[in-house]
Amino acid sequence: EKAYHLLSVGVISPRKGHLYSIRAVEKLLEKYPSICYTIAGTVTDELYLQQLQKYIISEKLTNNISIACNLPFEQIKELYKQTSIFVLHSEEESQGIVFAEAMACGKPIVTTNVGGIPYVVKDNYNGYLSNYSDVEAFALNIDKLLNNHNLRIEISNRNKETAQAYSWKLLVKKVVGIYGKLI
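In this text the structure is predicted, and so the values were computed from the model without any measurement. Throughout, residues of each chain are indexed from 1 in the direction in which the sequence is written. In keeping with the predicted nature of the model, local features appear solely for residues at pLDDT of at least 70, side-chain atom pairs appear and are counted solely at 80 or more, and the whole-chain, interface and lining totals rest on all residues. With hydrogens and water excluded, all non-hydrogen atoms of the structure serve as input to the side-chain values.

Engineer: Let's hear about the overall build of the chain: which residues, and what values?
Structural biologist: Secondary structure counts use DSSP, requiring at least four H or I residues in a row for a helix and at least two E residues in a row for a strand, with both numbered from the N terminus. Along the chain, the regular secondary structure elements total eight helices and six strands. Reading the chain from its N terminus to its C terminus gives the helix and strand order β-α-β-α-β-α-β-α-β-α-β-α-α-α. What the globule rule says is 2.2 Å times the number of residues to the power 0.38, and the radius of gyration is computed from C-alpha atoms. Here the chain has a C-alpha radius of gyration of 17 Å; the compact-globule value for 183 residues is 16 Å, and the two agree. Along the first, second and third principal axes, the C-alpha set of the chain runs to 65 × 40 × 30 Å. The buried share of the chain, taken over its 183 residues, is 46%. Residue pairs in contact within the chain that sit at least 24 positions apart in sequence constitute 67% of those at least 6 positions apart. Note that accessible areas follow from Shrake-Rupley with a 1.4 Å probe, and for residues the cover is restricted to the protein chains shown. A total of about 9700 Å² of accessible surface is found on the chain, and carbon and sulfur atoms cover 55% of it. Here's how the labels work: a residue is buried when its accessible area is under 20% of the maximum for its type, exposed when over 50%, partly exposed in between, all with a 1.4 Å probe on protein chains only. The criterion used for residue contact is that any of the two residues' heavy atoms lie within 4.5 Å.

This is the structure we're talking about:
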């Protein structure tokens, strides 16, 4: 059976909802026993990190779920390359640069319908959205992608295309164009 890699990138704090992501992955283990889920982030809440680690150990998830703290960006880029799906169960998010990074790497996204996320991740187009704390729906959204290789490829291609709209070169061109019209 193929090993599926899931990745979250975001500070280790409750507002990133990592515990909900862990619980969603836990629900999928029976169907996908070789799932590997990595949470990569800077630790901003030591107690929350300990809570996550205790949960992973107590539920015997250490073979499938790991937390990588304070990695340099080069290593995070490697994780993006290896991953099948980018997941982030945020409680609140302005725009979230990690979504643009995941898209640039061509990764399908499973996330929450909060803050600025729906402006970047369009449900059923370049990823899947669910409500914050709805572990069941979040797990189903991950399953939709794990279950359908062609859908992952389709969304991957779409995300690479969409990410180009966020490139600095293009943004600078647009801003210069707007200034040109104003002058």
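Engineer: Let's hear about the sheet that holds strand β5 (residues 109-112): which residues, and what values?
Structural biologist: Being paired, for any two strands, means DSSP has found at least two bridges between them. In spatial order, the strands read β3-β2-β1-β4-β5-β6; together these six strands make up an open sheet with parallel pairing. For this open sheet the edge positions go to β3 (65-69) and β6 (127-130), each flanked by a neighbour on one side alone. Put simply, the sheet's adjacent strands are angled 20 degrees from each other on average, direction ignored. As defined by bridge partners, strand β2 (residues 36-41) adjoins β3 across five bridges and the pair is classed as parallel. In the sheet register, G41 faces β3, and the bridge partner there is C69. In this description, a line fitted to the C-alpha atoms serves as the axis of each element, helices being fitted only across the stretch in contact, and the angle between N-to-C directions of two axes falls anywhere from 0 to 180 degrees. Set on the sheet, helix α4 (residues 97-104) makes contact with β1 (5-9), β4 (85-88) and β5; between it and β4 the angle comes to about 170 degrees.

Engineer: Hey, could you go over the environment of P33 for me, with residue numbers and the actual values?
Structural biologist: Summarising the element assignment, P33 is placed in the loop between α1 (18-28) and β2. Taking C-alpha positions, P33 is 24 Å from C69, a pair spaced 36 residues apart along the chain.

Engineer: Account for the nonpolar core, naming residues and giving values.
Structural biologist: Within the largest apolar cluster, 33 residues are counted, with the highest numbers of intra-cluster contacts made by L6, I22, I35, Y37, I85, I142 and L146. Mapped by element, the contributors of at least two residues to this core are α1, β2, α2 (46-58), β3, β4, α6 (135-146) and α7 (149-163). Sorting elements by how many residues they give to this core places α6 first, with six residues. Excluding residues within four positions of it along the chain, L6 makes contact with V25, I35, C36, Y37, T38, T83, I85, I142 and L146. By size, the runner-up hydrophobic cluster in this structure holds 19 residues, among which are I76, Y80, A102 and A163. For the purposes of this section, nonpolar cores are sets of buried Ala, Val, Leu, Ile, Met, Phe, Trp, Tyr and Cys residues that join through side-chain atoms within 4.5 Å.

Engineer: Tell me what's going on with helix α3 (residues 73-82), and back it up with residues and numbers.
Structural biologist: All of the buried residues in α3 are I76, L79 and Y80. Around the axis of α3, the buried residues are gathered within 105 degrees of arc, so they sit on the same side. Opposite the buried face of α3, by more than 90 degrees, sit the exposed residues E74 and K81. Summarising the contacts, the buried residues of α3 are in contact with β1, β2, β4 and α4. When we speak of the arc, we mean the arc of directions from the helix axis to the C-beta atoms.

Engineer: Break down the pairing of β2 for me, citing the residues and quoting the values.
Structural biologist: Residues in a regular strand project their side chains so that they alternate between the two faces of the sheet. Counting buried positions over the six residues of β2 gives five, a clear majority of the element. Sheet topology note: the β1/β2 ladder contains five bridges and is parallel. Of the residues in β2, the one forming a bridge with L7 is T38. Looking down the strands as they point away from the viewer, one classifies a crossover as right-handed if the path from the first strand across the helix to the second runs clockwise. At this point the chain moves from β1, through α1, to the parallel β2, and the crossover so formed is right-handed.

Engineer: Mind laying out unusual backbone geometry, listing which residues take part and the relevant values?
Structural biologist: Unusually for a residue other than glycine, N70 sits at a positive phi of about 55 degrees. Assignment of secondary structure puts N70 in the loop between β3 and α3. Positive phi, close to 65 degrees, is recorded for N124, a residue that is not glycine. Tracing the sequence through the fold places N124 in the loop between α5 (117-120) and β6.

As far as function goes, none of this settles anything; it's purely spatial.
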